[in-house]
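For reference, the chains in residue letters:
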Amino acid sequence: MSLDLNPRAKVLKVPGIRQFSNQLVHFPNAINLTIGQPDFPTPKAVKNAGIQAIEQNLTGYSHNAGLLELRDAVNTFFTNKYGFSYDPQNEIVITNGASEAIDTVFRTILKEGDEVILPAPCYSGYEPIIHFCGAKIVYLDTTETNFQPSAEKLAELITEKTKAVFFNYPSNPTGVVLRKETVNQLVDLLIEKDIYILTDEIYSENTFSGTHTSFAAYPALRNKLFYIHGLSKSHSMTGWRIGFLMGPAEVMEQVVKVHAFNTICASVPGQYAAIEALINSKDTPSEMNIEYIKRRDYVFNRLMAIGLPVEKPNGAFYIFPSIERLGMTSFDFATKLLHEGGVAVVPGSVFTPFGEGYIRISYAYSMEVLEKGLDRIEEFILNLKG
Ligand SMILES: Cc1ncc(COP(=O)(O)O)c(C=O)c1O
């Protein structure tokens with residue numbers, strides 16, 4: 001058969017992170033530092049809530065927007081923690097992970113020719129969807145500003161075609177959190193502008209010191225902001241596929257249709273487990289953070305000792321050292337490191353062209369694995385020089 005396919009589907013590439021981790025099957029003894037999911041089990045009480053839902057036959061569809069009880073729990077959780085509120089009746093949609101929230105909101109708001117500003121380097125899950133919608137990406141380079149998005153630079157990029165600006169802090173891949181004064185400057189600029197603000201704060205619960213500043217806590221942005229979150233990272237629930245999308249009622253009315261025709265609703269046993277996570281397992285993220293902080297400190301100190309310059313991350317579970325001085329592209333470095341050094345990391349170029357010259361290391365691994373991995377990286381780099 002030679003029927004035409006959607007050319008926008010054909011140009012999509014296998015996700016860069018997967019391209020690398022998929023190679024690992026050929027290197028069974030390699031240390032894998034590529035994966036972005038917590039290495040802790042889902043909390044027992046949360047698993048039990050899911051099991052109970054299944055045993056009680058709570059396995060049918062839910063309301064398209066999700067169980068009202070869960071939407072209530074979402075609102076209560078974020079109100080108590082960050083002081084902002086969304087109406088569970090018409091401003092919150094439970095999605096199949098944050099991924100579906102991102103897809104749904106982009107497909108609801110974007111049209112052909114729109115521009116979306118992405119501070120970069122950034123997570124690789126945004127660009128393909130923007131392209132799929134026929135919109136154009138405009139990068140905001142953060143490499144010269146310690147990975148903080150500069151309001152001044154952002155102002156220069158806004159045109160009459162700009163439909164949205166997208167933030168993700170704490171950041172995948174850099175682990176950087178936004179400084180409060182940076183958020184204030186961005187908010188001051190964006191209040192004036194007729195553009196949507198999308199904020200993926202899925203790592204907010206993995207903030208290691210100080211408090212996370214949420215864009216959603218600024219009432220002046222309320223009518224144009226979409227807040228994306230989920231339980232994959234905070235409660236180690238990547239496979240349960242539970243995400244949250246919140247926004248102003250008049251647009252959410254459209255969003256919920258796009259979501260409904262795509263997926264009807266999020267997994268219902270997963271939604272019951274999510275209620276338990278939000279109401280009774282609030283301490284889970286801070287318990288994980290104790291481990292992440294130890295690992296972050298260890299990996300940071302080792303990288304500094306090896307001589308790879310790196311911004312000390314204050315959130316998520318990634319670290320993003322520069323390999324620029326080694327004179328190789330990040331893809332060549334990562335390939336050589338896997339083949340000759342026995343460690344898998346993600347090339348920075350996976351996270352937009354502004355990630356070139358860096359590699360991403362995930363420390364969602366045990367100390368034992370991290371020690372072995374860093375020993376191997378150190379030896380590999382010594383041999384490169386020799
Ligand atoms: C920044 C960011 N947003 C969204 C996602 C997707 O999360 P989910 O599992 O909720 O779809 C990820 C996953 O790695 C991520 O790093």
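The structure displayed is predicted, hence computed values, not measured ones.

A. Local environment of the sheet that holds strand β12 (residues 359-362). As summarised here, the arrangement of the three strands in space is β9-β12-β11, forming an open sheet in which the pairing is antiparallel. Both edges of this open sheet fall to β9 (318-319) and β11 (346-347), since each of them pairs with a single strand only. Bridge count for β9 against β12 is two bridges, and the pairing is antiparallel. What sits directly across from Tyr 318, in β12, is Ser 362.

B. Structural view of unusual backbone geometry. With an omega of 10°, the peptide bond between Ala 120 and Pro 121 qualifies as cis. Tracing the sequence through the fold places Pro 121 in the loop between β3 (115-120) and α6 (127-132). Cis rather than trans, the peptide bond between Asn 172 and Pro 173 has omega equal to 25°. Mapped onto the elements of the fold, Pro 173 is located in the loop between β5 (162-167) and α8 (180-191). A positive phi is found at Asn 57, a non-glycine position, where the angle reads about 60°. Mapping Asn 57 onto the fold places it in the loop between α3 (44-55) and α4 (68-82). Of note in this structure, Ile 264 is not a glycine but carries a positive phi near 65°.

C. Inspection of the UniProt feature "domain: Aminotransferase class I/classII large" (unreviewed entry) in the protein at higher detail. The feature "domain: Aminotransferase class I/classII large" (unreviewed entry), as annotated in UniProt, sits at residues 29-377 in this numbering. Regarding residues 29-377, the helix share stands at 40% and the strand share at 14%, and the terminal C-alpha atoms are separated by 14 Å.

D. Region of the structure containing α3. Over its twelve residues, α3 extends 16 Å from the first C-alpha to the last, a length consistent with the 16 Å expected when each residue adds 1.5 Å. Residues of α3 that are buried include every one of Val 46, Ala 49, Gly 50 and Ala 53, and no others. Angular distribution of buried residues about the axis of α3 spans 95°; they occupy a single face of the element. Exposed residues pointing more than 90 degrees away from the buried face of α3 are listed as Lys 44 and Glu 55. The secondary structure elements touched by the buried residues of α3 are α10 (268-280). Among the residues trailing α3, Asn 57 stands out with phi positive, at a value near 60°.

E. Structural view of the environment of Phe 354. Along the chain, Phe 354 falls in the loop between β11 and β12. Between the C-alpha atoms of Phe 354 and Pro 119, which are 235 residues apart in sequence, the distance is 9.4 Å. Those residues within four positions of Phe 354 in sequence are excluded, and the remaining contacts are Ala 120, Pro 121, Tyr 139, Asp 141 and Thr 143.

F. Seen up close, the environment of Glu 115. Secondary-structure assignment places Glu 115 in strand β3. When the C-alpha positions of Glu 115 and Val 46 are compared, they lie 40 Å apart, and in sequence the two are 69 residues distant. Apart from residues no more than four positions distant in its own chain, Glu 115 is found in contact with Lys 136, Val 138, Thr 159, Lys 161, Thr 162, Lys 163 and Ala 164.

Criteria and cut-off values
Residues numbered from 1 in each chain as written. Predicted model: local features only at pLDDT ≥ 70, side-chain atom pairs only at ≥ 80, totals over all residues. Heavy atoms only, no water. Pairing = 2+ DSSP bridges. Helix = DSSP H or I, 4+ residues; strand = E, 2+ residues; numbered from the N terminus. UniProt positions renumbered as here; feature names shortened; annotations may be inferred. Expected span 1.5 Å × (residues − 1). Buried < 20%, exposed > 50% of the residue type's maximum accessible area, 1.4 Å probe, protein only. Arc of directions from axis to C-beta. Contact = heavy atoms within 4.5 Å.

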